[in-house]
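Survey of secondary and tertiary structure
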Amino acid sequence: AHADTLKFVPFNESNTLNQLRTAEVNVAPQFLGVDQLDVYEADPSLQAVLSEDSEFSIMQFNLRSELMGDVLMRRAVLNALDFAEIETQYLGGTDYFTEDSSFFPPGSPWYSDSGSETYTDRSAEEAERLLDEAGYDGTPVRVLYRPSNDNYGPIVQQQLEAVGLNVDLQAMDA
C-alpha cells in the first residue's frame, strides 16, 4: 500500500478510544490498557491487535544510594513483591501476564532462565529475614511511579510496607 501522507498525532490516553471511533486517527500504537480490551473488542469498527511479549515492567534501583546499594535490600524488595497480584490490579487479571525471570521473552535468542530460582522462590518471610540481615533501620525507601502510565505504585507500596519497609511513594509526571 502507498500513502501520500503520514501524520503523527499526539494523543491523550484518556481520549484514544474516541479518536479511533471518530477516525481522527487510524492507528493507536498503544491503547489505555488490557483492562480496556473488552471495550475495544465489543466495537465492530475497531480491531485490537495484541503483540505477545511486547511490553514489560521493570523496577530500577539507585545503586549509588547506601540503602539500595546493598544487595540484601534489593533482594528483600524482590521477595516482598507479588507480581501476579500487582498485574491483576494493573491489567485487571493475569490473562496477559507471564511471570518470568528473563528480561527477554521466550523465543528471543537472548532469553535465559539462568538464576531464575532467585526470582521464583520468593516470600514475604524471606523479605523480612533479609531486612533483618541487612540491618534495615526504617530509613524511608523512596519509590517513584507515574500514575498516568503505571497505576501500580500504591500496591507496590502496600506490599513493601507489609514486610516492614518504610515507603515514601512519589507520583511523577511521565
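Residues numbered from 1 in each chain as written. Predicted model: local features only at pLDDT ≥ 70, side-chain atom pairs only at ≥ 80, totals over all residues. Heavy atoms only, no water.

All buried positions along helix α6 (residues 124–134) are accounted for by A127, L130 and L131. Along the axis of α6, the buried positions cluster into a sector of 105°, meaning they face one direction only. The exposed residues of α6 that point more than 90 degrees off its buried face are E125 and D132. Lining the buried residues of α6 we find α3 (71–80). Just past α6, the residue G135 takes up positive phi, approximately 75°. (Buried < 20%, exposed > 50% of the residue type's maximum accessible area, 1.4 Å probe, protein only. Helix = DSSP H or I, 4+ residues; strand = E, 2+ residues; numbered from the N terminus. Arc of directions from axis to C-beta. Contact = heavy atoms within 4.5 Å.)

Another aspect to go through is the nonpolar core. With 26 residues, the main nonpolar core has L160 and L165 as its most contacted residues. Per-element accounting of this core gives the leading share, 6 residues, to α3. Beyond its immediate chain neighbours, meaning those up to four positions away, L165 contacts M73, V77, L131, Y136, V141 and L160. Within the second largest apolar cluster, 5 residues are counted, among which are L17, L20, V25 and Y40. (Core = buried A, V, L, I, M, F, W, Y, C linked by side-chain atoms within 4.5 Å.)

Turning our attention to α3. Since the α-helix advances by 3.6 residues per turn, residues separated by three or four positions end up pointing in the same direction. Judged by how many residues are buried, α3 sits mostly within the fold: 7 of 10 residues are covered. Taken residue by residue, α3 has L72, M73, A76, V77, L78, N79 and A80 as its buried positions. Where α3 starts, the residue carrying a side-chain oxygen 2.9 Å from the main-chain nitrogen of L72 turns out to be D70. (Polar contact = N/O pair within 3.5 Å; in protein donor to acceptor, adjacent residues only side chain to side chain.)

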